[in-house]
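Below are the chains, spelled out letter by letter.
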Amino acid sequence: MNSAAPSWPPFSDSVERAFSLRGKRVVVLYGNRNDLFWNPRKGEYMSLIDLLSVRLTGRWQREDDRAGDEVRFNTILFDPARGLSFPSEDDRKGVAETLKKAGKDFEGVAKQVQSLPDPHNNHAPLPNLVLARHICEGVEAARAKEPKLPALAVLIAHGATMLPSGELEKLPELDRLRVAEALSWFESDFYQGHNLVVIVVDQLSQLNRAVLNLPTVEPIEIGLPTESERLHFLRHTGRKPAYANVTFDPTIETIAQDGAGLQLKKLESVLMQAAGEQQPVCRKGLLVEANNHLAVALNGIAILKMPTHTPDDLVGFKAVKESMQFAFDRCDDPATAVPVIIVPGPNGGGKTYTVEAFAAKSGRTVIELTGLRSQWYGGTDALFELLRFQLLNFGRVLITVDEAHTAFGSVHSRDSHETEKRLSGRIIQMMSDKRFRGRLLWVLMTSRPDLLDPDIVSRASVQIPILDLQGAEREEFVVQLLTRAGITVPNEFKATLLKTTETWSSRDLSELIAEAKAHKDTPLQRVLELWRPPAAEALPERRRFQGLIAAKHCSYPAVLPPWITELSIEEREREIEALRLKLGL
């Protein structure tokens, strides 16, 4: 792995190209904005605003400028909570000297610059926005007379609080006035000049869409650090005296690899903890930190799961386990990976337990989607953007969705709300994104695969149903399940047990085990007399219907039990339709 000192972060190169090559005058930076970034000019890591302040002091060539002039910048900082300020006294002096050459119209603006930061105006974002615009206009007026003068870069932190998302006419008055002022500014002759505005937000959807839609605006994502960047950071930071005695188990290269999805700030906290505890930085601890980071980042969107059972803990279903192992193995290679696996089957058949067992063996981080919908305007889009960003920068992830046919609205259904359609469309796009191939695997579990959106089904070439067993295979499954749980099944009671539990699901049998353990001094025969799962005898026809539907969505016929394979395709279809009418489905 190459750990040579990196150059400027890729996003900062993108900012320069947007300005110099595409004539963009407003850049929106979003994503990993509160991390540390390498400054090759100073040979150290620093914050985003500090990095931009240093980068902007260089000379940027404007290819569309006939004179071939190079542009460099003085920088002014705009924090909506703290007002306008300068990163250095040199920047203040540079702006003030430039404004003096702008003419009498800007003498008042020059005086205001001398008083920044103004404590009387710190919490007045609209007046500060107007002042920033006037300073830009003054600098441009001065440059019209002396083109060699520095241009101005305005760095706006926390841009979402300054120019919030929402329909303009529905925003509170002060928010609406700020957005209107920004639109007026960016739509003016500003785009023809040499000044630059950089707006920093967490998520792109947090910024007002009217601003983003302007042709002079360029959104640029700040990604999480790559493996080589993490390795360079660990080696560079590890040389500091505070971390001189920190070791890595097994190697620093492995730690850099396992830190996928972590900010450099998080890695520094791992080094700090290791130094304080005088313990090595180990893979297990780092993976816990990475998983904790994902759980916090996706709070309210997904639940992080860490299954401890493996395929060795699964009882029976030999063909299912072989097919599932093959599917997971192929998904480790981007060349053979599929984006989606559908696991259909009747309710309570053990779909989730089985999938999580193979996920644990594969080493993937397992998350379950819980809340991608928001009651607020644009909230669903923001939540999806956050999910996409985390998954794009994280390691190998498995997303499980239970009862998937109810989780996603169909993009083709008239009954689906526009927000539902947009969400489903974006998830389908993510499933098709080749950047995720081999890294992100969706496993959709459902009792009604026929109700899934056709666009999702078409992306799932692997569909492995988990169906109710019958005959000798079911006998082995039931007896092994109870025996592994420490519950004795007398030979003379085996036939009665199998007859009694004939219509029970795997979930019902698990409940029986819990009931038997609760009555630890009671024979299993007596437990069955005392307790029955409420739905076991009420839903056998529904489960058979779900099983027949699941069989239609099967990539590997070997997993189908005899009660399915003994029926012809025509017989299955006739029974499906008969049960559909009988059950009112």
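Predicted model, so just to flag it, every value in this text is computed and none were measured. (Residues numbered from 1 in each chain as written. Predicted model: local features only at pLDDT ≥ 70, side-chain atom pairs only at ≥ 80, totals over all residues. Heavy atoms only, no water.)

A few words on the confidence of the model for the protein chain. Regions with low pLDDT should not have their predicted coordinates read in detail. Of all residues in the protein chain, 92% attain a pLDDT of 70 or more, and the chain-wide mean is 86. Counting interchain partners and residues more than four positions distant, the pLDDT-below-50 stretch residues 63–68 has five contacts. (pLDDT = per-residue confidence, 0-100. Contact = heavy atoms within 4.5 Å.)

Attention shifts here to the sheet that holds strand 6 (residues 73–79). Overall, mixed pairing links the six strands, which are arranged 7-6-8-9-1-10 in an open sheet. The outermost strands of the open sheet, each flanked by one partner alone, are strand 7 (83–85) and strand 10 (217–222). Strand-to-strand twist of the sheet, defined as the mean angle between neighbouring strand axes without regard to direction, takes the value 20 degrees. Pairing between strand 8 (residues 151–156) and strand 9 (residues 196–201): four bridges, direction parallel. Within strand 9, the residue paired with Ala153 across the bridge is Leu196. Relative to strand 6, helix 3 (residues 89–100) is tilted by about 110 degrees, and along the sheet it contacts strand 6 and strand 8. (Pairing = 2+ DSSP bridges. Helix = DSSP H or I, 4+ residues; strand = E, 2+ residues; numbered from the N terminus. Axes fitted to C-alpha atoms, helices over the stretch in contact; angles between N-to-C directions.)

Note on helix geometry: an α-helix contains 3.6 residues per turn, so any two residues three or four positions apart are oriented the same way. Looking at helix 4 (residues 107–114), one finds that the buried residues are Val109, Ala110 and Val113. Buried residues in helix 4, looked at end-on, bunch into an arc of 100 degrees, giving them a common side. In the core, the buried residues of helix 4 are packed alongside helix 3 and helix 5 (125–145). (Buried < 20%, exposed > 50% of the residue type's maximum accessible area, 1.4 Å probe, protein only. Arc of directions from axis to C-beta.)

This brings us to the sheet that holds strand 16 (residues 397–401). With mixed pairing, the six strands of this open sheet are ordered in space as 13-15-16-17-14-18. For this open sheet the edge positions go to strand 13 (302–305) and strand 18 (462–463), each flanked by a neighbour on one side alone. As paired strands, strand 15 (residues 365–369) and strand 16 are joined by four bridges and run parallel to one another. What sits directly across from Thr365, in strand 16, is Val397. Against the sheet, helix 14 (residues 351–362) makes contact with strand 13, strand 14 (340–344), strand 15, strand 16 and strand 17 (440–446), and its axis sits at roughly 165 degrees relative to strand 17, the strand it touches most.

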